[in-house]
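Observations on the three-dimensional arrangement
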Amino acid sequence: MTDLEWQAQPAEGGEAMYSLVRELYPICRSITGNGVRETLRLIGQHIPLSIREVPTGTQVFDWTVPKEWNIRDAYVKDSEGCRIIDFHESNLHVLNYSVPVHKKVSLKELSEHLFTLPGHPDWIPYRTSYYNETWGFCLSHNEFAGLRDDQYEVHIDASLEEGHLTYGECYLPGESSDEVLLSCHVCHPSLCNDNLSGIALCTFLAKHLHSCSQRYSYRVLFIPGTIGAITWLALNEDKVKRIKHGLVVALVGDPGKLTYKKSRRGNAEIDGAVMHVLKHSGDPYQILDFSPYGYDERQFCSPGFNLPVGSLTRTPYSRYPEYHTSADDLNLVRPEALADSFSKYISILAVLEKNQTYVNQNPKCEPQLGRRGLYREMGGYADGREIELAMLWVLNLSDGGCSLLDIAERAGLRFEVIEVAAGLLGKNGLLKECW
Amino acid sequence: MTDLEWQAQPAEGGEAMYSLVRELYPICRSITGNGVRETLRLIGQHIPLSIREVPTGTQVFDWTVPKEWNIRDAYVKDSEGCRIIDFHESNLHVLNYSVPVHKKVSLKELSEHLFTLPGHPDWIPYRTSYYNETWGFCLSHNEFAGLRDDQYEVHIDASLEEGHLTYGECYLPGESSDEVLLSCHVCHPSLCNDNLSGIALCTFLAKHLHSCSQRYSYRVLFIPGTIGAITWLALNEDKVKRIKHGLVVALVGDPGKLTYKKSRRGNAEIDGAVMHVLKHSGDPYQILDFSPYGYDERQFCSPGFNLPVGSLTRTPYSRYPEYHTSADDLNLVRPEALADSFSKYISILAVLEKNQTYVNQNPKCEPQLGRRGLYREMGGYADGREIELAMLWVLNLSDGGCSLLDIAERAGLRFEVIEVAAGLLGKNGLLKECW
Amino acid sequence: MTDLEWQAQPAEGGEAMYSLVRELYPICRSITGNGVRETLRLIGQHIPLSIREVPTGTQVFDWTVPKEWNIRDAYVKDSEGCRIIDFHESNLHVLNYSVPVHKKVSLKELSEHLFTLPGHPDWIPYRTSYYNETWGFCLSHNEFAGLRDDQYEVHIDASLEEGHLTYGECYLPGESSDEVLLSCHVCHPSLCNDNLSGIALCTFLAKHLHSCSQRYSYRVLFIPGTIGAITWLALNEDKVKRIKHGLVVALVGDPGKLTYKKSRRGNAEIDGAVMHVLKHSGDPYQILDFSPYGYDERQFCSPGFNLPVGSLTRTPYSRYPEYHTSADDLNLVRPEALADSFSKYISILAVLEKNQTYVNQNPKCEPQLGRRGLYREMGGYADGREIELAMLWVLNLSDGGCSLLDIAERAGLRFEVIEVAAGLLGKNGLLKECW
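Cut-offs and rules
Residues numbered from 1 in each chain as written. Chains lettered and ligands numbered in written order. Predicted model: local features only at pLDDT ≥ 70, side-chain atom pairs only at ≥ 80, totals over all residues. Heavy atoms only, no water. Helix = DSSP H or I, 4+ residues; strand = E, 2+ residues; numbered from the N terminus. Buried < 20%, exposed > 50% of the residue type's maximum accessible area, 1.4 Å probe, protein only. Contact = heavy atoms within 4.5 Å. Least-squares fit on C-alpha atoms with pLDDT ≥ 70 in both. Buried area = accessible area lost by both parts, 1.4 Å probe. Salt bridge = Lys/Arg side-chain N within 4 Å of Asp/Glu carboxyl O. Polar contact = N/O pair within 3.5 Å; in protein donor to acceptor, adjacent residues only side chain to side chain. Nonpolar A, V, L, I, M, F, W, Y, C, P; charged D, E, K, R; others polar. Pairing = 2+ DSSP bridges. Expected span 1.5 Å × (residues − 1). Phe/Tyr/Trp six-rings, centres within 6.5 Å; stacked < 30°, edge-to-face > 60°. Lys NZ or Arg CZ within 6 Å of the ring centre and 35° of its normal. Disulfide = S-S within 2.5 Å. Axes fitted to C-alpha atoms, helices over the stretch in contact; angles between N-to-C directions. Parallel < 35°, antiparallel > 145°, perpendicular 65-115°, else oblique. Left-handed = near helix turned anticlockwise from the far one by under 90°. pLDDT = per-residue confidence, 0-100.

Moving on to the overall build of chain A. Tallying secondary structure elements over chain A gives 12 helices and 19 strands in all. By principal-axis analysis of the C-alpha atoms, chain A measures approximately 95 × 40 × 35 Å. Among the 435 residues that make up chain A, the fraction classed as buried is 61%. Partitioning the contacts of chain A with sequence separation of at least 6, the portion at a separation of at least 24 is 80%.

Moving on: the relation of the copies chain B and chain A. Least-squares fitting of chain B to chain A yields an RMSD of 0.1 Å, with the transformation described by 0.1 Å of translation along the axis and a rotation of 120°. One copy is carried onto the other by what is essentially a three-fold rotation axis. Measuring from the rotation axis to each C-alpha of chain B, the shortest distance belongs to B:Asn267, at 13 Å.

Following A:Asp194, the chain continues to A:Asn195 via a peptide bond in cis, the omega torsion being 15°. Within the secondary structure layout, A:Asn195 lies in helix 5 (residues 192–210). Not every positive phi belongs to a glycine, and B:Leu251 is a case in point at roughly 55°. What makes B:Leu251 buried here is its relative accessible area of 0%.

Quick look at the interface of chain C and chain A now. Contact residues are listed per partner, giving 31 residues for chain C and 28 residues for chain A. Buried area between chain C and chain A, both sides added, is near 2,600 Å², and the carbon and sulfur share of it is 49%. Among the residues of chain C in contact with chain A, C:Asp62, C:Pro292 and C:Tyr293 are the three that bury the most area, contributing 25% of the side total. The tally of links between chain C and chain A comes to five salt bridges. Its salt-bridge partner being A:Lys364, residue C:Glu237 comes within 2.5 Å of it at the nearest N-O pair. There are 19 residue pairs in polar contact (both at pLDDT 80 or more) connecting chain C and chain A. When residues of the side of chain C that touches chain A are traced back to their parent elements, those giving at least two are helix 6 (227–235) and helix 8 (297–300) of chain C. Split into classes, the residues belonging to the side of chain C that touches chain A amount to 16 nonpolar, nine polar and six charged.

This next bit is on the pairing of strand 5 (residues 83–86) of chain C. Residue and element names in this part refer to chain C. Here strand 4 (residues 68–77) runs beside strand 5; their pairing, made up of three bridges, is antiparallel. Looking at strand 5, one finds that Lys 77 is bridged to Arg 83. Taken together, strand 4 and the strand that follows it, strand 5, pair antiparallel across an intervening segment of five residues, in which Gly 81 is found at a positive phi of about 80°.

Moving on to the interface of chain B and chain A. Taken together, the contacts link 28 residues of chain B with 31 residues of chain A. Buried surface at the junction of chain B and chain A, summed over both partners, amounts to about 2,600 Å²; 49% is from carbon and sulfur atoms. The largest share of the area that chain B buries against chain A comes from B:Cys365, B:Glu366 and B:Asn396, three residues that together contribute 24% of it. Between chain B and chain A we count five salt bridges in total. For A:Asp62, the salt bridge goes to B:Arg371, with nearest N and O atoms at 2.6 Å. Seen at the junction of chain B and chain A, the total is 19 residue pairs in polar contact (both at pLDDT 80 or more). The element that contributes the greatest number of residues to the side of chain B that touches chain A is helix 10 (residues 386–397) of chain B, accounting for six residues. Counted by class, the side of chain B that touches chain A contains 12 nonpolar, seven polar and nine charged residues.

A few words on the environment of A:Thr58. Looking at where A:Thr58 falls in the secondary structure, it is placed in the loop between strand 1 (50–55) and strand 2 (59–60). Beyond its immediate stretch of four places on either side in the chain, A:Thr58 contacts A:Trp63, A:Thr64 and A:Val65.

Attention now goes to the pattern of salt bridges. With the rule as written, the count across this model stands at 82 salt bridges over all chains. A:Asp157 is the partner of A:Arg72 in a salt bridge, and the nearest nitrogen-oxygen pair spans 3.3 Å. Of the two residues, A:Arg72 sits in strand 4 (residues 68–77) while A:Asp157 sits in strand 9 (residues 151–161), which places them 85 residues apart along the sequence. Where A:Glu366 meets C:Arg298, a salt bridge forms, and the shortest distance between an N and an O atom there is 2.5 Å. Taken together, the residues span two chains, with A:Glu366 in the loop between strand 17 (357–360) and helix 10 (386–397) and C:Arg298 in helix 8. The exposure class assigned to C:Arg298 is buried, which follows from its relative accessible area of 11%.

Residues and elements named next belong to chain A. The terminal C-alpha atoms of helix 7 (residues 269–281) lie 18 Å apart, and with 13 residues this matches the ideal 18 Å at 1.5 Å per residue to within 8%. For helix 7, the complete set of buried residues consists of Ile 270, Asp 271, Ala 273, Val 274, His 276, Val 277 and Leu 278. Two residues or fewer after helix 7 comes Gly 282, characterised by a positive phi angle close to 80°.

Now for the packing of aromatic side chains. A full pass over the atoms with the stated rule returns 30 aromatic pairs over all chains. Their ring planes at 80° and their centres at 5.8 Å tell us that A:Tyr320 and A:Tyr323 sit as a pair that is edge-to-face. With relative accessibility at 10%, the residue A:Tyr323 sits in the buried group. Here the aromatic cluster, defined as three or more aromatic residues joined through ring pairs, consists of A:Trp63, A:Trp69, A:Tyr97, A:Tyr130 and A:Tyr131. Over the face of the ring belonging to B:Tyr381 we find A:Arg127, whose NZ or CZ atom lies 3.9 Å from the ring centre.

What follows covers the state of the cysteines. Here the structure, examined in full by the defined rule, presents zero disulfides over all chains. Counting only cysteine sulfurs, B:Cys28 is the nearest neighbor of B:Cys192, a cysteine outside any disulfide, at a range of 14 Å. When its relative accessible area of 0% is taken as the criterion, B:Cys192 is described as buried. Counting only cysteine sulfurs, C:Cys138 is the nearest neighbor of C:Cys82, a cysteine outside any disulfide, at a range of 20 Å. Classification of C:Cys82 by relative accessible area gives partly exposed; the value is 40%.

Moving on: the pairing of strand 13 (residues 243–249) of chain A. All names here are of chain A. Among the seven residues of strand 13, six are classified as buried, and the element is accordingly described as predominantly covered. As paired elements, strand 11 (residues 179–185) and strand 13 share five bridges and run parallel to each other. The partner of Ser 183 across the bridge, within strand 13, is Val 248. Pairing of strand 13 with strand 16 (residues 309–313) involves four bridges; the strand directions are parallel. Residue pairing for strand 16: Val 249 is matched across the bridge by Leu 312.

Here we come to the packing of helix 10 of chain B against helix 11 (residues 404–411) of chain B. All names here are of chain B. Two elements in contact, helix 10 and helix 11, have axes separated by 10 Å at closest approach and are oriented at 120°. As the angle between them shows, helix 10 and helix 11 are arranged oblique. The handedness of the crossing between helix 10 and helix 11 comes out as right-handed. Contacts between helix 10 and helix 11 involve Trp 393, Val 394 and Leu 397 from the first element and Leu 404, Ile 407, Arg 410 and Ala 411 from the second. When its residues are assigned to classes, the contact of helix 10 with helix 11 shows six nonpolar, no polar and one charged.

In this model, chain A carries a mean pLDDT of 96, and residues with pLDDT of at least 70 account for 97%. Scored below 50 in pLDDT, residues 1–5 of chain A shows 11 contacts in the model against residues more than four places distant or in partner chains.

Mapped onto the elements, A:Asn362 comes out in the loop between strand 17 and helix 10. Aside from chain neighbours lying at most four places away, what touches A:Asn362 is A:Pro367, A:Leu430 and C:Asp62.

All names here are of chain A. Spatially, three strands are ordered 18-17-19 in an open sheet, and the strand pairing comes out antiparallel. A single partner strand is all that each edge strand has here, and the edge strands are strand 18 (399–403) and strand 19 (431–433). The sheet shows a mean angle of 35° between the axes of neighbouring strands, taken without regard to direction. As defined by bridge partners, strand 17 adjoins strand 18 across two bridges and the pair is classed as antiparallel. Within strand 18, the residue paired with Thr 357 across the bridge is Ser 403.

Written out as structure tokens, the structure reads:
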């Protein structure tokens, strides 16, 4: 692994990620169907991506892979033939997974199939009905309020048929078969922060990791939420043991501060690594305990797996008003925020990559660092230099029970300094890796 | 067990408990004697109560059951034959367990046998001398100050003879032989909060528990303080292992906030249950660590037993000025406070009754709650409903290591919600009790 | 052990310690040489002291005992023959461990060998070069600023030759071969707080301990910093297991508040004893976690030894401006501060001496303290007396898992009260020592 590889260029990266968000924005995604396929095709232009197709009806633990949904057009026309709700204006207008329908309805009947957000009367809500076969339209509350008593033609030109659930997987082998999991959901239609931001970040993290050699193998999943995670876990149970650390990637493009939700274990190495990086970043952040609601950490952290997987977002889900509405658009996501998220993720992965547990080879008293050129020759100064302190901490705590990250935390020093100190000691034969 | 049984009616209950306090108030109780017998007879009109008589001289661990004390009359008369201290005005006037005496004494000699409270000159103190044979009178400091140099006739018409230590026990068998212990002391004469309040609460808790079927068996003890607890433990060592939870009941009638003193273990289920109920009650309360001073938790929590027994009072002993004085009277105890204490105790017992540890039968990923009608069909809403969140918490943490109470605490939800969620999951075969 | 022995007389002791500081002040000490020998000779007038001489070249773990350094004279003369820097004015003027030199140098060349403190222009810094053979002078920045372009004669009449490292050891056998270690460094020249204060305190602690019989054996080390501790540990590995508690003694003469730096273990008995004494002293103090920088606790707490050794100072090293300068002189150290430090150390050693773990011989319920005269006979009072509470705490927690110090901490009572309570219980056969 070349240290230099970690020297990412956040500013340019932010624009590149934002371009991908913009490219993916118009596509109507759902948990199955051609929207997901098209999305994965575009991702695949950046990174090596394996596309998996899992047939409808496949049993995945307590669930069954559903029928595949595809949509071509949808509208509501008034009696004058005017499209007053039009799928081509925004794919959020259609209740996601609506069954096909084509008929005339009164305003009363129509209203039973309409969804609005009275609290934000200009915005279209995002609604789904994956497992209950029905149809519906979403629209702004202002538009809804303007509807008059009329005969309406509703038409959803969709199909719900035997097919497949599609997901993408980018596996980047490293020195070890131990894996770091990065996972994002690809099932949301025209919503930017939730979760085109996550898709873009995962794509560019994978691209960057692919460009250099790593200690860990990396597995980056582009999966539909919930059913995709369940499907992946059901079909890959044999691989689960290899996952040593993981992050669910979502909501990484808004200007809010970073938020880390801990793994169910609460004290996994990934938890320590993220909290260390955030603490030393100088930027505001917040830490949340695990809860079984949110994104696919719900599945990765179910008790039968209990994987060391946390979730690093900016503003958490449902804590910003634009969440799951048409206002989660290209204005909410900022290239600088994407770049900052990228940089923090890279720092975290760097900690994981470089974290080791060593054993002091000269455990009785300090070794004479001075004769190895590791300690200044003149004595009597009031304080030690940071790198000297770091070496003393590494020597003192490397008894096989403390990793470099543990030492950094106890010493109150940045991981990078501790890691450099360990490198100097290792070169002088004073440390040995603990296997 | 019928949930409805727990629907107590606090307001009426408060008046009923207060009536019992009023009925018991005039009786001169001590650690032995007819005052205890009469008290137990009146309690026995409400609940099935076994009366135990333990002979004087019985060895109970390091102690010996003392002689039985009974008193008929006591007074101090001045030289004009006027009763200036009269047992029939207040039984607190006699040093409890005074030996019989009848003689003439000077003021000087009399004074050596008088007890007052200079800090509260209107109140009569409560004093005892169980294990040192002497006699004495208690009186207000104002009365004491008015005594003139005179010849006084002192007469205590009492007996201290071979007899019995008397206590009452109400055993209510439940589904399991595992027991919940409720214990109160019955040795105080005309004092209301300490502890007619505890006697009344225990009586009406027992009455209520008797009216419905329970999971646990309940053992409610009406015992003289210290020697009664030691006697019960000595004679019932074989039953001690069945006690899974316990509370010492005292000082539950004053208007102060509730105070829980933890068991010696500090982290027993009873400690968690009480703290959960108090935290979610919305009322002020305080939690104290265990200390080996106080009521009979001193004996139940001695190191050779170390039972999971805490003590739930309102204002703790000696922390209100009326404690152990004639001012701990029928005005200090309020029906509303008794009712509130009753309600809190019932809530705590309900937690114990319903607390269980379950194992998620579908531990890999979430089960599909929607197809069981346990999850709303429409998706995309910003937040989950409380009952859905509760189900996800129960599923996520039911790995055999967390009880419902543990889950409620970690989720920050009320036990009742968690318990209802577990019930729904159990009915759907998703949980199994962990034995 | 006689309790009375602990009744030290701090005031007189402060003056006596200060006299020793004044006597030792002029001597030019270093990590080897006659300055250390003379220092140990003077200490030996107070206590039984074994002097050890370890030959140059002896291998001690990763280090080698260095050549012995001795100095007779040193000066810098200007071209007029005037001593502008004179070793006899202050031994700090010479870079400690300078190699011999005698030559004429320009101001430019001279300047490369001069050390000053621009931030404190009146003070001479203290500098050393133990392991890099060079020469140098230290002087005030004001003197340095006054140097003119001239030819200077530099002369250091020193020797650096095969010889010995010298240290002193005072071993005071007690009832048990388990040891308490007290260690101070003797390598600093004319510096008072760092560490003539520590030498004086160790001397008078040893003198006091020698005057009475103890449970523990005491080992008091007077050693050069770092190399002395390493040498002692290397030559005494067989004795290390006997060390049950230890303190590194330094900086105990300034007026600052006491500072305890915990042992590497962080929860050793010595840590608890020191924190208990400081907490109950009523004086301000601070507690620091262990760090691998400071005095010889660096070696005693290296992972291969990990001894329960903390360090109790007043203001910590480098946290007062006079540290390692000529201003750390006889004015900085105060007899009252020495006396206060002495008194705190004695209190801590008293806790170690008297701390025991007992087992309650009557663990089921309380024993009847009253019939043993240990509890007042009259009942009903609002609160217990401190000694009665202490006895109840000792009985309740003496289950073999809690020492008296643990009990004192949990009870919130002073160790002395708990210890007296345990003594009373022990005399009555209610406690047995737990071996």
